[in-house]
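What follows is the residue order along each chain.
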Amino acid sequence: MRLRTRMLGALMGAMTLAATALTFAAPASAATLTEVTGFGSNPTNLRMHLYVPDRVASRPAVLLALHYCTGSGPAYHSGTQYASLADRYGFIVIYPSVTRSSLCWDVSSPQALRRGGGSDPVGLMSMVDHVRQRYAADPTRIFATGTSSGAMMTNVLLGVYPDVFAAGASFAGVPFGCFATGGSSEWNSECANGQLIRSPQQWGDLVREAYPGYTGRRPRMQIWHGTNDETLRYPNFGEQVKQWTNVHGLSQTPTYTDSPQSGYTRTRYGGSGGTAPVEAISMQGVSHNLPVDAAQVLRFFGLDGVTPPPTTPPPTTPPPTTPPPTGDGCRVGYTVSTWNTGLTASVTITNTGAAAVNGWALTFTLPSGQRITNGWNASYSPASGAVTARNVSYNAAIAPNASVGIGFQATHDGGTGRPSSFALNGVTCSTS
């Protein structure tokens, strides 16, 4: 009975994905889905398919798209709009596949629910690392999304690897740790039936215990669920909201509520803009057979901005490892996403010198009216004016030609500009 229920939900998901694909007119493209082998450590024998568009953005983002039970990476590729949108915006999509008999992701074993523990997350991280190195991808723009079992794995990955993923989108999933069984069973009926109710603190603690000692920034989360979900019952929607708002240290009270379309209620937490830390969409009357709105996922991820300029296809060999000519020793990339009275800044520090940097401090002056409220991958002091961002324990070393990504969230009084200059350990950096 449990297998029948799980497969029914998966098949319904597959039908929805197929229907979604039929209504989307994809632009012409020579790019094709290609299987990649030998991508790294892969303890559960996952398969990897990759979609690289003809026009790839400079330092492209990477999207890990995770299929439902009984599905596959190629089926998720053909049944969703992500590849077509990659053609438009220049990001790269990884479509992994489970090979165990259930074709469901492992979101229940102790190995899967702790960092470096083993099972599927290790193989998935090998795929991400392969693409990051092969295509010089932006390490601050790695994302995960999935449906049903894939949505559960999205929750798992954001909990186990918060330093890797910038955000995730969960379609008909359950909270991190909800499906834990402690044994060989893949299915947790109590969780699936929406009977596993915990406090926000308890849910948040499960995520924090997956990577003990981690104090960096946490990935943003977008949550979709139908009120009539018959496979992973609707209470799992509210439990996910509890979990991720607690992880971000946010109130359970929304800061913004609207109805993006008839029957949908959208709430945002920690911000009112399109890239709030947590966004949740409740779909009235919708079953487990829910539509995947890939365009709204990209909007939440911040990947729907600028169409990449025409370029030659990506190289067929790895990018050169020779350091660029030594200039002033460092380069800083700085991008800002803004909303009403808040903003998020993503900063990439690149060592362009010939020697490794061991311990660093990046100094810059925030424009008047901006004040840092929280940050990740660095400690920041003071919160406004002339700021110094110092390394944390795990990113103190920057090898020649290597980069470190940091970032922060701040309030502003209308001025959303960027600092005019940056210095790394007292040396002025070029900017990009």
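Look up: the structure comes first, before these words.
A. The environment of A295, seen in detail. With respect to the secondary-structure elements, A295 resides in helix α9 (residues 294–301). For the pair A295 and Y82, spaced 213 residues apart in the sequence, the C-alpha separation amounts to 8.3 Å. Among all residues touching A295, those that are not within four sequence positions of it are Q81 and L85.

B. Here's a closer look at the nonpolar core. Among the nonpolar cores identified, the biggest contains 56 residues, and L50, L64, I94, L124, F165 and F179 are the most heavily contacted of them. What L124 contacts, discounting residues up to four positions off in sequence, is L46, L64, L66, P96, W105, M153 and L157.

C. Representation of the packing of aromatic side chains within the structure. Here the structure, examined in full by the defined rule, presents 13 aromatic pairs. Relative to Y82, the ring of Y76 lies with its centre 6.5 Å away and its plane at 40 degrees, an arrangement referred to as tilted. A relative accessible area of 0% means that Y76 is categorised as buried. The exposure class of Y82 is buried, given its relative accessible area of 0%. Ring centres of F171 and W224 lie 5.0 Å apart, and the angle between their planes is 15 degrees; this geometry places the pair in the stacked category. Residue F171 is found in strand β6 (residues 167–171), and its partner W224 is found in strand β7 (residues 220–226); the two are separated by 53 residues along the sequence. Like W224, F171 is buried. An aromatic cluster of three or more residues is present, and its members are Y334, F364, Y380, F408 and F422.

D. Expanded view of the packing of helix α3 (residues 82–89) against α9. Running from amino to carboxyl end, α3 crosses α9 at an angle of 50 degrees, the nearest separation of the two axes being 10 Å. The pairing of α3 with α9 is recorded here as oblique in orientation. As α3 packs across α9, the resulting crossing turns out to be right-handed. Where α3 approaches α9, its residues Y82, L85 and Y89 are matched on the opposing element by A294, A295, V297 and L298. Within the contact of α3 with α9, the residues separate by chemical class into seven nonpolar, no polar and no charged.

E. Fine view of the sheet that holds strand β20 (residues 422–424). Pairing is antiparallel across the open sheet formed by five strands, whose spatial order is β16-β17-β14-β20-β21. Each having just a single partner strand, β16 (379–381) and β21 (427–428) make up the two edges of the open sheet. For strand β14 (residues 361–365) and β20, the ladder comprises three bridges, and the chain directions are antiparallel. Across the sheet, T363 pairs through a bridge with A423, a residue of β20.

F. Spotlight on the side chain of N351. Residue position: N351 is located in strand β12 (residues 342–351). Within the structure, the side chain of N351 is placed 3.0 Å from the backbone oxygen of I398, a separation counted as a polar contact. In terms of polar contacts, N351 uses its side chain to reach the backbone carbonyl oxygen of A399, at 3.4 Å. When neighbours within four sequence positions are excluded, N351 is seen to be in contact with G329, A356, V357, I398, A399, P400, N401 and A402.

Rules used throughout
- Think of each chain on its own: its residues are numbered from 1, step by step along the sequence as written.
- Under the rules for a predicted model, residues below a pLDDT of 70 receive no local features and side-chain atom pairs below 80 are neither given nor counted, while totals for whole chains, interfaces and linings still include all residues.
- As a rule here, side-chain values come from all non-hydrogen atoms in the structure, and water together with hydrogens is ignored.
- Helix and strand assignments follow DSSP, with helices taken as H or I runs no shorter than four residues and strands as E runs no shorter than two, numbered in order from the N terminus.
- The contact criterion used is simple: two residues touch if any of their non-hydrogen atoms lie within 4.5 Å.
- In this text, buried Ala, Val, Leu, Ile, Met, Phe, Trp, Tyr and Cys residues form a nonpolar core when linked through side-chain atoms within 4.5 Å.
- Partly exposed describes any residue whose relative accessible area lies between the buried limit of under 20% and the exposed limit of over 50%, with all areas from a 1.4 Å probe on protein chains only and scaled to the type maximum.
- Between the rings of Phe, Tyr and Trp (Trp by its six-membered ring), a pair exists once the centres lie within 6.5 Å; its type follows the angle of the planes, with under 30 degrees stacked, over 60 edge-to-face, and the other angles tilted.
- Axis geometry follows a simple rule: fit a line to the C-alpha atoms, using only the stretch in contact for helices, then measure angles between N-to-C directions, giving values from 0 to 180 degrees.
- By definition in this entry, angles of less than 35 degrees are roughly parallel, angles greater than 145 are roughly antiparallel, angles of 65 to 115 are roughly perpendicular, and the rest are oblique.
- The crossing is said to be left-handed when, going from far helix to near helix, the turn is anticlockwise and less than a right angle, and right-handed when the turn is clockwise.
- Note that Gly is not counted as nonpolar here; it falls among the polar residues with everything else outside the nonpolar set of Ala, Val, Leu, Ile, Met, Phe, Trp, Tyr, Cys and Pro and the charged set of Asp, Glu, Lys and Arg.
- Only strands that DSSP links by at least two bridges are regarded as paired with each other.
- Whenever a nitrogen or oxygen atom comes within 3.5 Å of another N or O atom, the pair is scored as a polar contact, on the condition that within protein one atom can donate a hydrogen and the other can accept it, and that pairs from neighbouring residues in sequence are kept only if both atoms are in side chains.

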